[in-house]
Amino acid sequence: MTGDSESTSERLANSRLLDTGAQAEIYEWGDGRVLRLLPATSSPTELAAEAAVMRAALGAGVPVPAVHEVLTIDGRPGMVLDRIDGGPMLSVMLGRPWKLLPLVRRFGRIQAGIHGSAVPADLRSVHEQVTAQLDRLELEAPALREWALRELERLPAGASLLHGDYHPLNLLMNHGDPVVIDWPGAAVGPPEADIARTRLLVEAAEPPNGSPLLLTLMGAFRTRLFLPQYLRGYRRVRDYDRELVARWLPVRAADRLAEAPPNERAVLLKLLQAGGAPV
């Protein structure tokens, strides 16, 4: 719903700004809650869809911040959520190595739980989502875009709820327990499309210059340690089609290439080349 313009504007002016990200500002909103406020150019309809996805996931037992209200303040759409004060799961994994394996397996189990959640009505499909993203390659790499679209057409549809950007920086620790955030990329489709995206994000991510040594070393072990244990955790809840994940991987690599930072592009291009893409 839309809150009263004057009262919410005044409340916003008197609220403490907690964080500023690329997509939203986070304000203290009282009673253990925060306001996630988007730019005025953001779509209220898309934010309402994100709220519906989060509520569906929470109803299925997925650890998600509760959504208390969707509102508009001075033309800016926003969402009132439970406040989560902990840092990213990845920080705990790297800062407390003895917790690494249990957390990685839990990471997999949570994603499997997401894929078992109810899907809100009118949620876009992952095929629609990837097609729109691939359009960004039209000028940079038209041949790659056409190849990826053909491969995408051959991939089966699905009926599972997908997070769309599931990685350890999108889980925050809340009193020792992980909570899944950042749901604007949610879609409906086969779980394998989401698993492929997660695998891609883990494999392609490169630590920036000056990162702690442990984070740098983690890159050398992610394919031998993180990915197998993550998938082991996932399979404790539900199985998946390994061959279908492999088919989704180069398509998701093309999808990611349209938005990836420079330090990921070499790994993405390698994965695309292995998948037969024209790169």
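Scroll up to find the structure this text is about.
Residues numbered from 1 in each chain as written. Predicted model: local features only at pLDDT ≥ 70, side-chain atom pairs only at ≥ 80, totals over all residues. Heavy atoms only, no water.

J.: Go over the overall build of the chain, please, and point to the residues and values.
T.: Within the chain, the regular secondary structure consists of 10 helices and 9 strands. Taken over C-alpha atoms, the radius of gyration comes to 19 Å for the chain, in line with the 19 Å a tight globule of 279 residues would show. Per-residue burial for the chain yields a buried fraction of 48% across its 279 residues. When the accessible area of the chain is evaluated, it comes to approximately 13600 Å², of which 52% is carbon and sulfur surface. Across the chain, the centroid of the 31 positively charged side chains sits 10 Å from that of the 34 negatively charged ones. (Helix = DSSP H or I, 4+ residues; strand = E, 2+ residues; numbered from the N terminus. Rg over C-alpha atoms; globule rule 2.2 N^0.38 Å. Buried < 20%, exposed > 50% of the residue type's maximum accessible area, 1.4 Å probe, protein only. Areas by Shrake-Rupley, 256 points an atom, 1.4 Å probe, with all protein chains shown as cover. Lys, Arg positive; Asp, Glu negative; His and termini not counted. Charge placed at Lys NZ, Arg CZ, Asp CG, Glu CD.)

J.: Let's hear about the nonpolar core: which residues, and what values?
T.: Membership of the largest hydrophobic core comes to 72 residues, with the highest contact counts inside it found for Leu144, Trp183 and Trp248. Among the elements that make up this core, the one with the highest residue count is helix α9 (residues 242-257) (8 residues). Contacts of Trp183, omitting those with residues within four sequence positions, involve Glu50, Val53, Met54, Ala57, Val64, Ile114, Leu161 and His163. With 8 residues, the next largest nonpolar core counts Leu12, Tyr27, Leu35 and Val80 among its residues. (Core = buried A, V, L, I, M, F, W, Y, C linked by side-chain atoms within 4.5 Å. Contact = heavy atoms within 4.5 Å.)

J.: Before we move on, can you summarise the packing of helix α7 (residues 191-204) against helix α10 (residues 265-274) with the specific residues and values?
T.: The contact between α7 and α10 brings their axes to 9 Å, and the two run at 130°. Judged on the interaxial angle alone, α10 and α7 are oblique. Facing α7, whose interface residues are Leu200, Glu203 and Ala204, α10 presents Val267, Leu268 and Leu271. When grouped by side-chain class, the residues that make up the contact of α7 with α10 number 5 nonpolar, no polar and 1 charged. (Axes fitted to C-alpha atoms, helices over the stretch in contact; angles between N-to-C directions. Parallel < 35°, antiparallel > 145°, perpendicular 65-115°, else oblique. Nonpolar A, V, L, I, M, F, W, Y, C, P; charged D, E, K, R; others polar.)

J.: I'd like to hear about the packing of aromatic side chains, residue by residue, with values.
T.: Remark: the centre distance and the inter-plane angle together describe each pair of aromatic rings, the angle taken between the planes. Scanning all chains against the criterion turns up 5 aromatic pairs. Centre to centre, the rings of Phe107 and Tyr166 are 4.4 Å apart; their planes meet at 25°, and the pair counts as stacked. A residue pair is termed long-range when its members are at least 10 positions apart, and Phe107 in helix α4 (residues 100-115) and Tyr166 in the loop between β6 (160-162) and β7 (171-174) qualify at 59 residues. With respect to burial, Phe107 and Tyr166 carry one shared label: buried. Where Phe107 meets Phe226, the ring centres are 5.6 Å apart and the plane angle is 65°; that geometry is what we call edge-to-face. (Phe/Tyr/Trp six-rings, centres within 6.5 Å; stacked < 30°, edge-to-face > 60°.)

J.: Give a detailed account of the environment of Lys99, specifying residues and quantitative values.
T.: You can see Lys99 is positioned in the loop between α3 (89-95) and α4. Residue class for Lys99 comes out partly exposed when judged on its relative accessible area of 34%. Once the C-alpha coordinates of Lys99 and Ala51 are considered, the two residues, 48 residues apart in sequence, prove to be 31 Å apart.

J.: Go over α7 with me, naming the residues and quoting the values.
T.: With 14 residues, α7 extends 20 Å between its outermost C-alpha atoms, agreeing within 8% with the 20 Å of an ideal straight helix rising 1.5 Å per residue. In terms of burial, α7 is a largely internal element, 13 of the 14 residues being buried. (Expected span 1.5 Å × (residues − 1).)

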